[in-house]
Every structure is written in C-alpha cells, then in structure tokens.
Amino acid sequence: NAEYGKKVSNTIAELKRAKNDTLYYIRVPHKAWKKEESSGERKYVSVVVRGCSIVESHLTHSLEIHMDNTGYVTGLSLHNEIEDCTGRSTSASSFNTAASLHFPGVGASPDVHSFIQLKEKEEKKKAAESQDKRSFLAKYWMYILPVFLLFI
C-alpha cells in the first residue's frame, strides 16, 4: 500500500543521510498474533546492523529467520557484502532483501528398546555369574579344616 511505500522511502532516505555509527534495526514478531491482541502483549526478535553497511551494499542484504519446531521465531541474521564502512553512497532506491526461513534439523533419536534389551541381558549375565556353583566342601573348607584338626 501507499503508506508502507512511503515508510520504506523515508527509511532509505534516512539511511543514506546516516553517519557510520547509525544503527539499522529490524524486528520480527516472536509469534503471529490476532488483530484483537493489544500491542503491549507483543514480543519481538530483533537484529541490529550498522546503517552504512546496508547503504554501501546498495541496499542489498539477506535476512535469515530462525524458527523452532512450533513456529516461533527464535533468531534473526542479517548478512550483506560490506564489513567496513568507507562512506560511499548508493543510487539504489529500494531494498533488495532475500529472506529465508530456517528450521532446526531433526537429529537421530535414541534406540531405547534395544538399549533396554542390552541392559536386561547384562543383568541376567551378572546374575548367572554371581551364583556360586561350587560344592559345599569347596565353599566352606576353611571353616571345616580347623574343626577337623581340633578333633585329631
């Protein structure tokens, strides 16, 4: 709409007049909200860059929106080609923004069932090893020998 275009034109004009220490601030709502929600309840995720780097990259930059699995915005990244500001101007009259969404990758989940089976096998093996299968004399010879020697 016309109002939005006017805001963008004003922003570009302000950036072109800005000094090297002026910051360019972008914010995105943390979540989508309904029209009936008040603006005081809204939370935003922000990114801040030097305005001169946007101007010197000819208003071209890429915006990465990082989201979690539930669809909430968790972070923003703004990248452009210019790192150091030299004071150059631009003839560009509109932003050239490439936006991309990034969701977390699903990692490998643990194989709980086989782990439980392995632990059960180990417990059975320990229980079998702990059972003493020696005869009565083999187990208690140290107690029987002194008694036997006393009787002799």
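We now turn to the structure provided with this report. (Residues numbered from 1 in each chain as written. Predicted model: local features only at pLDDT ≥ 70, side-chain atom pairs only at ≥ 80, totals over all residues. Heavy atoms only, no water.)

## Side note on the packing of aromatic side chains
Summed over the entire model, instances satisfying the criterion amount to 3 aromatic pairs. Their ring planes at 20 degrees and their centres at 6.0 Å tell us that Tyr 24 and Phe 95 sit as a pair that is stacked. Highlighted residues: Tyr 24 in strand S1 (residues 23–29) and Phe 95 in the loop between strand S4 (73–79) and strand S5 (96–102), separated in sequence by 71 residues. Overall, Tyr 24 belongs to the buried group, its relative accessible area being 12%. On the basis of relative accessible area, Phe 95 is assigned to the partly exposed category, the value being 22%. Between the aromatic rings of Tyr 140 and Tyr 143, the centroid separation amounts to 6.3 Å while the plane-to-plane angle is 40 degrees, which identifies the pairing as tilted. (Phe/Tyr/Trp six-rings, centres within 6.5 Å; stacked < 30°, edge-to-face > 60°. Helix = DSSP H or I, 4+ residues; strand = E, 2+ residues; numbered from the N terminus. Buried < 20%, exposed > 50% of the residue type's maximum accessible area, 1.4 Å probe, protein only.)

## Considering the nonpolar core
In terms of nonpolar packing, the biggest core is built from 18 residues, with Tyr 24, Ile 54, Ile 65, Val 73, Leu 76 and Leu 78 touching the most fellow members. Among the secondary structure elements, those contributing two or more residues to this core are helix H1 (2–17), S1, strand S2 (44–50), helix H2 (51–56), strand S3 (60–67) and S4. If we ignore the near neighbours within four places in the chain, the residues touching Tyr 24 are Thr 11, Leu 15, Val 47, Val 48, Val 49, Arg 50, Gly 51, Ile 54, Leu 78 and Phe 95. (Core = buried A, V, L, I, M, F, W, Y, C linked by side-chain atoms within 4.5 Å. Contact = heavy atoms within 4.5 Å.)

## Considerations on helix H4 (residues 136–151)
Of all the bends found along H4, the most pronounced is centred on Met 142 and spans about 60 degrees, while Pro 146, a proline, follows it within four residues. The buried fraction of H4 amounts to 0 of the 16 residues, a small share that puts the element mostly on the outside. (Bend = angle between axes of the 7 residues up to and from the residue.)

## Observations regarding the layout of surface pockets
One number sums up the size of the largest pocket: a volume of about 460 Å³. Forming the boundary of the largest pocket are 15 residues, of which Thr 11, Tyr 24, Tyr 25, Ile 26 and Phe 95 lie nearest the centre. Looking at the lining of the largest pocket, the elements that each hand over two or more residues are H1, S1 and S3. Among the elements that take part in the lining of the largest pocket, H1 stands out by supplying 6 residues, more than any other. (1 Å grid on protein atoms, 1.4 Å probe; cavity = no way out; pocket = protein on both sides within 12 Å on 5 of 7 lines; lining within 4 Å. Points joined across faces, edges and corners; volume = space filled by probe spheres on them.)

## Section: the pattern of salt bridges
Considering all chains together, one arrives at 1 salt bridge under this definition. Of the charged contacts, one joins Lys 119 and Glu 122 as a salt bridge, the two residues approaching to 3.7 Å between their closest N and O atoms. Pair noted here: Lys 119 and Glu 122 are both in helix H3 (residues 112–130), with a separation of 3 residues, about one helical turn. Note on Glu 122: relative accessible area 35%, which makes it partly exposed. (Salt bridge = Lys/Arg side-chain N within 4 Å of Asp/Glu carboxyl O.)

## A short note on the pairing of S2
Residues Val 45, Val 47 and Val 49 point to one face of S2 and are all buried, whereas Tyr 44, Ser 46, Val 48 and Arg 50, pointing to the other face, are not buried. As judged from the 7 bridges shared by S1 and S2, these two strands associate in the antiparallel manner. Its bridge partner being in S2, Tyr 24 is matched across the sheet by Val 49. (Pairing = 2+ DSSP bridges.)

## A word on the side chain of Glu 56
Looking at the secondary structure, you find Glu 56 in helix H2. Not counting residues up to four positions away in its chain, the partners in contact with Glu 56 are Ile 82, Asp 84, Cys 85, Thr 86, Gly 87 and Arg 88.

## Some thoughts on the environment of Ser 53
Along the polypeptide, Ser 53 turns up in helix H2. Owing to a relative accessible area of 7%, Ser 53 belongs among the buried residues under this scheme. The residues contacting Ser 53, other than those within four sequence positions of it, are Asn 80, Ile 82 and Cys 85. Among the polar contacts listed, one links the side chain of Ser 53 to the side chain of Asn 80, at a separation of 3.3 Å. (Polar contact = N/O pair within 3.5 Å; in protein donor to acceptor, adjacent residues only side chain to side chain.)

## Quick notes on the pairing of S4
The buried count for S4 comes to 5 of 7 residues, which makes it a mostly enclosed element. Note that S3 and S4 share 6 bridges and pair antiparallel. By the bridge assignment for S4, Ser 62 is matched with His 79.

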